[in-house]
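Breakdown of the fold
If you want the building blocks of each chain, they are given just below.
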Amino acid sequence: MSKTLVIAEKPSVAQDIVRALTPVAGKFDKHDDYFENERYIVTSAVGHLLEIQAPEAYDVKRGKWSFAHLPVIPPYFELKPVDKTKSRLSAVVRLARRKDVTELINACDAGREGELIFRLIEQYAGGSKNGHPVPLGKPVRRLWLQSMTPQAIRDGFAALRSDAQMQGLAQAARSRSEADWLVGINGTRAMTAFNSRDGGFFLTTVGRVQTPTLSLVVEREEKIRRFVSRDYWEVHASFAAQAGHYPGKWFDPQWKKSEDPEARADRLWSEPQARAIADAVRGKPGRVHEESKPSTQASPLLFDLTSLQREANSKFGFSAKTTLALAQSLYERHKALTYPRTDARALPEDYLPVARDTLRTLAASGLRHLAPFAQQALDGDYVRPSKRIFDNSKVSDHFAIIPTLQPPSGLSEAEQKLYDLVARRFLAVFFPNAEYLVTTRITTVEDKHHFKTEGKVLVQPGWLAIYGKEAAAETEDGKEAKEGEKNQSLVPVQPGEQVRTEQAEPKGLKTRPPARYTEATLLSAMESAGKQVEDEELRAAMREKGLGTPATRAAIIEGLIAEKYLLRDGRELVPTPKAFQLMTLLRGLGVEELSRADLTGEWEYKLAQMEKGQLSRDAFMAEIAAMTERLVQKAKEYDRDTIPGDYATLQTPCPNCGGVVKENYRRFACMGAHGDGAGCGFSFSKSPGGRTFSTAEAEQLLRDKRIGPLEGFRSKAGWPFTAELALVFDEDSKNYKLEFDFGDDGKADEAGAPVDFSGQESLGPCPRCGAPVYEHGSNYVCSKSVPTPEQPVPSCDFKTGKIILQQPVERAQMQKLLATGKTDLLDKFISTRTRRPFKAHLAWDKDAGKVGFEFAPSKFPPRAGATSAAGASKSGASDAGAASAGGQKDSKSAGGKTTAKAAGKRAAKTTAKTSAAKSVAAKSAAVKAPRAPAAGRAPSPELAAVIGPEPVARTEALKRVWDYIKAHGLQDATNKRAINADAKLQPLFGKPQISMFELAGILGKHLG
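Residues numbered from 1 in each chain as written. Predicted model: local features only at pLDDT ≥ 70, side-chain atom pairs only at ≥ 80, totals over all residues. Heavy atoms only, no water.

Right, let's get into the environment of Ile117. Within the element layout of this structure, Ile117 appears in helix α3 (residues 112-126). The buried category is assigned to Ile117, whose relative accessible area is 4%. Ile117 sits 53 residues away from Ala170 along the chain, and the two C-alpha atoms are 9.8 Å apart. (Helix = DSSP H or I, 4+ residues; strand = E, 2+ residues; numbered from the N terminus. Buried < 20%, exposed > 50% of the residue type's maximum accessible area, 1.4 Å probe, protein only.)

Right, here's the structure in full:
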């Protein structure tokens, strides 16, 4: 018997479909990945199971990111399974290929992304030949749902759409995905190639949504920097009436808006003028004209994801990413909220019964602060048809976020806060409007000076009662209004009553620059980015889209932070020098469309035309290819030395000649004594190792000739590393040059120079030998692991980095590790394998003799068959070796000639093996292999005459030579730090006497 395969987007939707179909289609049998009865097989994806990629021949690897390989415009795209969901994809494809399956129904979410998810699965199930897809050859129909009630699902199955009806949407979905790939890949690689021309690897990511979003923040910061504060004055007065006093502020009733954006009706730009007005009205009588009118305030609309993220950021300081994670947990784990990744703020029109049931759930819940209001809404029959709340035309793929019929339990504090936020908003939207009496009082003194007083009295709280705002004197944000504020309570004035101006004083103020973006305000700006587009048609196309979607905006902001384009400063988002450099580059190359919302608007407009069949997919993709080629060509052909821009002049003079040092696009360079000449040739890169200096950092480097350790550098292969930088005088060029310094300790060890810890306070005892541990360069080291005046030959090897996997290890944390064996839980480690952040303790591993990771136990019990954290650490355990006692050496290799390939290989080798291999690994882990001795080197004939001819490690050679010196009493009698050469040591030293600090450096030259 033939069957129909129904593919939903999420398992929960598949279950809803099964429940709805069971009464009309018969009982379903449950299998691991699907439900089946005599007529239907119902299964689901888990979001995107596949991603598009270029064929192997067109896949330009990171090491080849040069203009020679650009643009990358493949003739077709292949599909690649998403690693995390390969098993789910295999299960769905098996079902689609079953011989008894003769038809497919696309039941993914009603929208462009849902269409794409299904189409890619269908394509992958058909297979490919010579890289080109082969059709699956089974008819397809579309289930289009905007409500998930059982009846709505059954109605949807009764009105399935044909495949031909969905072709426009399917083509638009594919085109959007492929166009994003083309612009993102080519734009990123072209900008990276341009910025890496001088060597190194300067990753410069761009994207259709990411870059315009960054542009919003950079343009705001530029306005703040350009802003020049101006002084202005207001005149504040206090008037005496029969019933008491009330305040007033002078204003000009004839004022009109002008080109001056800072002008206001109540601002005066001259202090003498303000004083003259105050003196003229003080002690004088005034006439009062007053208007009072009722006003109502409706509750805010229900939450979509973006508005929920804004509100949670404003009230609780939650990041957009945190809010999404909490909402997802409340949806998936607790079943307490509806689907959160929505851009709709309305409910379907058939949801009135569900809304009433939800109110009953809240009324019967243990939430004492909400239950009475839910019961009041039920008793008052507040749930009625309203286009403001129930409107199918305002529901897209999903409806607004509301509580479900399942009362929550076991919520964390943060989850409870977010649930309350949604539940209050849900209750409020059904309650009556809040009613006010708004009073505007104009007091005229001397028939020419006008003062305005505004007051607002809450008459009926309505929905505000849910938020505890029942006091008449309260403002909309819940704080009691103060005298002089708009929502203050006013004493009454009788008709015709004359008042007296008791006080009048000018108040000096300053204009303020625009505020920096917070996540809340940036989310709003992304949502309304279409308002910045001048073209009416493009603005209309973006009206419902903005920049990104509710589901992606948090990830876009987090991505900008991860790529070091933005920094969080409290709740503010601050653009970094790298962000300004990118905007300068795009403007200078003439490819500003990458940074403007116009591009998204234009795409949305054309994709909408494609959905309606008014634009062909081939025509759209040809335009995208042409734009991509132009973008690459602009970057490739730019032949000037610098990019025009607003550059800084440093205060610190050139260290070589004392000239003026100025910034250009690529470098800070000496411009001579007057700042307008060729200078002495001194310069240093603005972005060594792909990390851009801020002006303050460049000043510090120039002033101190050293800075760091700094994180965020990348090797030529793209791996992150940490290092100090120094300006070092070069004898060959007779000028200063910039060099990476991976810790003074390494160079000191090689040179044999002593390290003096006498001015430092120890952090604690070394866990290996008990000697004091100190800060040294970019590491924490045992005092016996480096040469010191007291102990020339190191006897310990304890050393661990101050920054490990981009996580700064503060002094207090190292003290805690030395005292207790481990640090607090640190949360800013970045895996070199996955590039994802992870949390761990740093802990002393006595058996391994090094610092390693210790992961916090999961608060959720492991699933049956799941690998434990001990066996396979989540997102960073494969990097545990990087936190060893030589942790800084990993960073060093990432920036040195060996790059981070070794670290990458180590990470790759930790990939999960077969169960047999795991068993062997577990057994071998029980018995630690002894540490391999350091590789020996053949001594020169001169050294062999002292220690023998066998290969030896440098530390052992140093020890043997030192033993020879002490055995033969060759330390100078008057200066114990000097060593006298005998007949054997003379050829080795090359002179009759050396300092003991020269010894290690000399031996290094005599070991092959």
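So, on to the environment of Leu631. Summarising the element assignment, Leu631 is placed in helix α18 (residues 617-637). Its relative accessible area of 4% is what places Leu631 among the buried residues. As a C-alpha pair, Leu631 and Gly187 span 444 residues in sequence and 7.0 Å in three-dimensional space. If near-sequence neighbours (up to four positions away) are discounted, Leu631 is found in contact with Gly187, Met191, Val591 and Leu594. (Contact = heavy atoms within 4.5 Å.)

Side-chain pairing between opposite charges can occur once the charged atoms of the two side chains come close. By the definition in use, this model includes 54 salt bridges. A salt bridge links Glu739 to Lys737; its shortest N-O distance comes to 3.7 Å. Lys737 gets classed as partly exposed once you look at its relative accessible area, which sits at 36%. Each of Glu115, Arg119, Glu122, Arg142 and Asp163 takes part in a single network of salt bridges with overlapping partners. (Salt bridge = Lys/Arg side-chain N within 4 Å of Asp/Glu carboxyl O.)

This next bit is on the pairing of strand β14 (residues 285-297). Pairing of β14 with strand β17 (residues 498-510), which is carried by three bridges, proceeds in the antiparallel orientation. Note that in β17 the partner of Gly286 across the bridge is Val499. As paired strands, β14 and strand β15 (residues 434-445) are joined by 12 bridges and run antiparallel to one another. Looking at β15, one finds that Val288 is bridged to Thr443. (Pairing = 2+ DSSP bridges.)

A separate point is α18. The terminal C-alpha atoms of α18, which comprises 21 residues, lie 30 Å apart, in line with the 30 Å expected from a rise of 1.5 Å per residue. Burial in α18 covers these residues: Phe620, Met621, Ile624, Ala625, Met627, Thr628, Leu631, Val632 and Ala635. The buried residues of α18 occupy one face: seen down the axis, they fall within an arc of 160°. Counted as exposed and oriented over 90 degrees from the buried face of α18: Asp618 and Glu637. (Expected span 1.5 Å × (residues − 1). Arc of directions from axis to C-beta.)

Here the focus is unusual backbone geometry. Working note: non-glycine residues mostly have negative phi, and peptide bonds are mostly trans. Cis geometry is adopted by the peptide bond preceding Pro71, which originates at Leu70 and carries an omega value of -5°. With respect to the helices and strands, Pro71 occurs in the loop between β5 (50-53) and β6 (78-81). If you check the backbone angles, Lys335 has positive phi at about 55° while not being a glycine. Topologically, Lys335 is positioned in the loop between α9 (320-332) and α10 (352-364). Even without a glycine there, the phi angle at Asp447 is positive, about 60°. With respect to the secondary-structure elements, Asp447 resides in the loop between β15 and β16 (449-460). Taking relative accessible area as the criterion, Asp447 reaches 59% and is therefore assigned exposed.

By themselves, these figures tell us nothing about what the structure is for.
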